[in-house]
Amino acid sequence: MSDQTNTEWPLWEVFYQPKDGKPFEHAGSVHAPDSEMALQNARDTYARRNEGISLWVVPSDQIVASTPEDVGPFFDPANDKAYRHPQFYSVPRAVKKRK
Amino acid sequence: MSTLDTIPKTKKEALVEILLRLADDRIVHGHRLSEWAGHGPELEEDLALANVALDMIGHASSLYSYAAELEGKEDEDHYAYFRDDIEFKNIAMLELPRGDFAFTIARQFLFSAFSYFLYEKLIETTDDEQFKGMLSKHLKEIKYHLRHSREWVLRLGDGTEESHKRMQEAFNEIWMYTGELFDLDDADQVAIEHKVYVDVSTFHDQWKNLVHETIEEGTLTVPDSEQYMFSGARKGRHTEHLGRLLAEMQFLRRSYPDATWK
Amino acid sequence: MDTQQQLDQFQERIDNGEKIEPKDWMPERYRKQLIRIMSQHAHSEIVGMLPEGNWITRAPSLKRKMVLLAKVQDEAGHGLYLYSATETLGIERRELVEGYIYGNAKYSSIFNYPTLTYADICVIGWLVDGAAIVNQTMLAKSSYGPYARANLRICKEESFHKKQGYEMLAKMMEGTEAQQKMAQDAVNRWWWPTLMMFGPNDSDSPNSAELIKWGVKSKTNDELRQHFVDRMVMEAEAINVELPDPDLTYNEETGHWEFGEIPWDEFWSVVKGDGPMNRERIKARQKAYESGEWVREAAMEYARKKKLRKEKAS
């Protein structure tokens, strides 16, 4: 068994843009020794079927994520801010009909 | 002169000859790369090698198809499965056993670099639209193969002591087979006249520069090009390895010639 | 220790159909069970490349060669998705991999059988991938988010795997006598091992109830197996291939096909390491892993040197 140095390549998160103008989506992750190889590995793993037109790779340990404890303070306050949504406002009937 | 050494006379014959040379290179290279499936040095690299292998076999298949169309043969499989080793026109470098990862990378790099310059020139030159369309499509993939293998030459060359040694040995071992890349024969001359091939010596310097720069950037030494160079495989004078490769590739298809396998 | 209150809250989330994400609280045993079944799934994809890879260089047409290579490559991809999903549970891929090539971690026993003729490739596509799809369709709804997403992606990509096998097998059954013989022989050899892929009977499957309670699975081994048999009987009939079970009978009342006794002795013996190909498969994976070490090391060393040079320059 080989356990001298840890040669496990670092983990990278892969994001891809499905179409021109669309936002990037998370595809998954790959292991790679550096950014160039991470990009190539991402291409070979997550773009085998023409899934995207552009790729991002980010070292996984550089991702800052919210924690489950943040759920309340981060996301609940938005629940009662109906005025942020277009359905909050009424539109004159005549305008509605012309849509 | 070999018995199979017939010089093409018409443009069509010249094009068929070139299509088969290009396709044989690719099917044999693809075969060797496909042997890595399930045995790569890391999962990500398994995927990468399979991608290159798939591209190679795909390119061969479309080149064979065009040849079949021109010659009125049934399909691409005719050429891959029903010709013997002395009829195969691939260069010897590509039929050598897959070796270790360094050898696989050395071969892929040298051949991708050659293919890259050849395809660029050939796309500029040829007036056969179908051929040109095919080459343009393949060139995009070749660029990626070149990038992939070049990056690995740098990493293995300038990596650890062991990887450096293996990468250097791989180049030393394969070097006597690089001469064939730039051999020009009578068939090529006819093809050049008909604008279905190019004079490969016109990009020899470009190839050399790229190869030398990469090898040196990888802290390696370019092997001596004044050494003995293998030649003749394009005309059926192969190494002993091709026969075994084809025996494996063709056995099932040839054992049951009446069966449908598509 | 996990408190009862935490456990209750967790169960409530599961029962509400919520997905559990990597940073969420989860019972230690849920994490352990997930690592076990997810990595087992990943190892199976990787070991599964070997029996099929055995025929890439001998595939009988360029089309079939490309189909097979693409399929084997997909398996590497699926292994990769599954390892990544497992890594979200705080364990390294290296540790998982060493767990099966040097340790006792399991992979699907189906891959411990040899591929003797090209028809085996067709039958693996039809039966083995068919069974895998039944399983993975269920797992795509698993309670653990990363596992569900990995399976969803796998299912999307894998639909061609089964189709290509079934299509080619149908052609062989319509082909020459030699082809028919090869095809039938392959079905005879793979049928029972495929039924074993769903695992032991529910009565002998201690983990099943817990995995269902936690929403990792939603159906039992026997339910999935029955669903599979019902479908395969129909598909076998359509291409005139026989399933090697004289006890197969349709039960009008239940609407299901009843089948004979699965050779469980063989199952347990292969699980424990005594199958025709266990030792060879592990040896092949060990060899790939060990002879890849210098490559992985070189790439890391290059990255380290490059970073150093960059720091010096700036």
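Throughout this document, residue positions are counted from 1 along each chain, in the order its sequence is written. Chain letters start at A and ligand numbers start at 1, both assigned in the order the entries are written. Local features in this predicted model are restricted to residues of pLDDT 70 or higher, and side-chain atom pairs are both shown and tallied only at a pLDDT of 80 or more, whereas totals for entire chains, interfaces and linings draw on every residue. Side-chain calculation: all heavy atoms of the structure are included, whereas hydrogens and water are not.

J.: So what exactly am I meant to see when it comes to the interface of chain A and chain B here?
T.: A common way to report how large an interface is uses the accessible area buried once the components associate. At the interface, 13 residues of chain A touch 11 residues of chain B. Within this document, salt bridges are pairs made up of a side-chain nitrogen of Lys or Arg and a carboxyl oxygen of Asp or Glu, the two lying within 4 Å of each other. The interface formed by chain A and chain B includes 2 salt bridges. Residue Asp 34 of chain A pairs with Arg 155 of chain B through a salt bridge whose shortest N-O separation is 2.9 Å. Any N or O atom pair separated by 3.5 Å or less is treated as a polar contact, with the protein-specific requirement of one donor-capable and one acceptor-capable atom, and with residues adjacent in sequence counted only for side-chain atom pairs. For the pair chain A and chain B, the interface holds 7 residue pairs in polar contact (both at pLDDT 80 or more). Think of it this way: any DSSP run of H or I at least four residues long counts as a helix, any run of E at least two long counts as a strand, and we number them from the N terminus. Those elements that place two or more of their residues in the side of chain A that touches chain B are β2 (25-31) and α1 (35-46) of chain A. Note on contacts: a residue pair is in contact if any heavy atoms of the two residues lie within 4.5 Å.

J.: Help me understand unusual backbone geometry in this model?
T.: Only a minority of non-glycine residues have a phi that is not negative, and only a minority of peptide bonds are not trans. Residue and element names in this part refer to chain B. Even without being a glycine, Lys 195 presents a positive backbone phi close to 60°. In this fold, Lys 195 is placed in the loop between α7 (186-193) and α8 (204-217). In this scheme, a residue with accessible area under 20% of its type's maximum is buried, one over 50% is exposed, and one in between is partly exposed, where area comes from a 1.4 Å probe on protein chains only. Assessed through its relative accessible area of 42%, Lys 195 is described here as partly exposed. A positive phi angle, near 55°, is found at Thr 219, a position not held by glycine. Tracing the sequence through the fold places Thr 219 in the loop between α8 and α9 (241-255).

J.: Which parts of the structure should I look at to understand the interface of chain B and chain C?
T.: Contacts between the two partners involve 50 residues from chain B, matched on the other side by 47 residues from chain C. Buried area counts how much accessible surface, traced with a 1.4 Å probe, disappears from two parts once they are put together, with both parts' losses summed. By the criterion of area lost to chain C, the three top residues of chain B are Leu 43, Trp 261 and Lys 262 of chain B, representing 16% of everything that side buries. For the pair chain B and chain C, the number of links is 4 salt bridges. For the salt bridge of Asp 158 of chain B with Lys 305 of chain C, the shortest nitrogen-to-oxygen distance reads 3.1 Å. At the junction of chain B with chain C, the criterion picks out 18 residue pairs in polar contact (both at pLDDT 80 or more). Looking at the side of chain B that touches chain C, the elements that each hand over two or more residues are α1 (11-34), α2 (43-71), α3 (77-81), α4 (101-125), α5 (129-157), α6 (161-174) and α9 of chain B. With 12 residues, the single largest contributor to the side of chain B that touches chain C is α2 of chain B.

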